[in-house]
Amino acid sequence: NEFVTLLGPSRCGKTTLLRILGGFLEQTSGQVIFDGQDISHLPPYKRELNTVFQRYALFPHLDVYDNIAFGLKLKRIADEKRPGKLRKLTSKEIDEKVRYALKVVDLEEFEGRDVTTLSGGQQQRVAIARAIVNEPQILLLDEPLGALDLKMRKEMQIELKEMHRKLGITFIYVTHDQEEALTMSDTIVVMKD
């Protein structure tokens, strides 16, 4: 449940490490151990973590609600009535999860808004909501404040720290900004060369 920051200059491997953890790249040596299991060869969708990318990767043709619900509509969970079988989430289950995620990121009134009309900070919160709605154990954040102006960055640092506290999950955060790392982190991993 720590807030861990990977800190270092550009091109030192921070994002590469994050992509390896997320399953988007395969490491050339070593293992990725998660909860005592080697997950090095698991695809991203089978890992209990989600990523917030630097550019947010929101779907411009979907509103806020549907951007957040997107992954849930594809998700399958264990069917209690038929052991060993999987089922899709019901509309009610999806709605409950999306509304909770909207509440965590303080965007309850924005569910029907077009994502292209949102500010950078609001788009970032939609991207975070889309990542946390799947209830990951770890949230990977790849320089998510990089596109924001200084004032918004400072505000979002406080909001991210508060989201971390509310969710009680591990955040692994990439930045080259030492002040940002010192402000937000429980643990800082310094990378160089």
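This write-up is about the structure you can find in this document. (Residues numbered from 1 in each chain as written. Predicted model: local features only at pLDDT ≥ 70, side-chain atom pairs only at ≥ 80, totals over all residues. Heavy atoms only, no water.)

**Quick notes on helix 5 (residues 150-167)**
Along an α-helix, residues three or four apart share an orientation, since each turn contains 3.6 residues.
Stage number 1. With 18 residues, helix 5 should reach 26 Å at 1.5 Å per residue; the first-to-last C-alpha distance of 25 Å fits that figure.
Stage number 2. Those residues of helix 5 lying buried are Arg153, Met156, Gln157, Leu160, Met163, His164 and Leu167. Along the axis of helix 5, the buried positions cluster into a sector of 135°, meaning they face one direction only. In helix 5, those exposed residues whose orientation departs by more than 90 degrees from the buried face are Lys151, Ile158 and Arg165.
Stage number 3. For helix 5, the elements touching its buried residues are strand 1 (3-7), helix 3 (91-104), helix 4 (120-132), strand 7 (138-142), strand 8 (170-175) and helix 6 (178-184).
Stage number 4. One or two residues past the end of helix 5 sits Gly168, with phi positive at roughly 65°. (Helix = DSSP H or I, 4+ residues; strand = E, 2+ residues; numbered from the N terminus. Expected span 1.5 Å × (residues − 1). Buried < 20%, exposed > 50% of the residue type's maximum accessible area, 1.4 Å probe, protein only. Arc of directions from axis to C-beta. Contact = heavy atoms within 4.5 Å.)

**Side note on the nonpolar core**
Stage number 1. In this structure, Ile68, Val98, Ile128 and Leu139 are the most contacted members of the largest nonpolar core, which totals 39 residues.
Stage number 2. Elements represented by at least two residues in this core include exactly helix 2 (64-74), helix 3, helix 4, strand 7, helix 5 and strand 8.
Stage number 3. For this core, the element with the most residues is helix 4, which contributes 6 residues.
Stage number 4. Those residues in contact with Ile128 that sit more than four places away from it in its chain are Val52, Val105, Leu139, Leu141, Leu160 and Met163.
Stage number 5. Residues Cys12, Ile20, Leu49 and Val174 belong to the second largest nonpolar core, which totals 14 residues. (Core = buried A, V, L, I, M, F, W, Y, C linked by side-chain atoms within 4.5 Å.)

**Section: the side chain of Gln124**
Stage number 1. Counting through the fold element by element, Gln124 comes out in helix 4.
Stage number 2. In this structure Gln124 comes out as buried when scored by relative accessible area, which is 0%.
Stage number 3. Polar contacts involving the side chain of Gln124 include one to the main-chain carbonyl oxygen of Pro144, which spans 3.4 Å.
Stage number 4. Excluding its chain neighbours within four sequence positions, the residues that come into contact with Gln124 are Tyr56, Pro144, Leu145, Met156 and Leu160. (Polar contact = N/O pair within 3.5 Å; in protein donor to acceptor, adjacent residues only side chain to side chain.)

**Quick look at empty space enclosed by the protein**
Stage number 1. The final tally for this structure, using the stated rule, is 2 cavities of 30 Å³ or more.
Stage number 2. Space inside the largest cavity adds up to approximately 50 Å³.
Stage number 3. As for the largest cavity, its lining consists of Thr15, Leu18, Arg19, Phe24, Thr51, Phe53, Leu140 and Asp142.
Stage number 4. When residues of the lining of the largest cavity are traced back to their parent elements, those giving at least two are helix 1 (14-22) and strand 7.
Stage number 5. Per-element tally for the lining of the largest cavity: the top contributor is helix 1, with 3 residues.
Stage number 6. Each pocket or cavity is described by its volume, and for the second largest cavity that value is around 30 Å³.
Stage number 7. Lining the second largest cavity we find Glu143, Leu145, Gly146, Arg153, Tyr173, Val174, Thr175, His176 and Glu180.
Stage number 8. When residues in the lining of the second largest cavity are grouped by element, the largest group, 3 residues, is from strand 8. (1 Å grid on protein atoms, 1.4 Å probe; cavity = no way out; pocket = protein on both sides within 12 Å on 5 of 7 lines; lining within 4 Å. Points joined across faces, edges and corners; volume = space filled by probe spheres on them.)

**Some words on the pattern of salt bridges**
Stage number 1. As enumerated under the stated definition, the model contains 13 salt bridges in all.
Stage number 2. Between Asp95 and Arg99 there is a salt bridge whose closest N-O contact spans 3.1 Å. Of this pair, Asp95 and Arg99 both sit in helix 3, 4 residues apart, which is roughly one turn of that helix.
Stage number 3. The exposure class of Asp95 is partly exposed, given its relative accessible area of 25%.
Stage number 4. You can call Arg99 partly exposed: its relative accessible area is 37%. (Salt bridge = Lys/Arg side-chain N within 4 Å of Asp/Glu carboxyl O.)

By themselves, these are just geometric observations and shouldn't be taken as functional.
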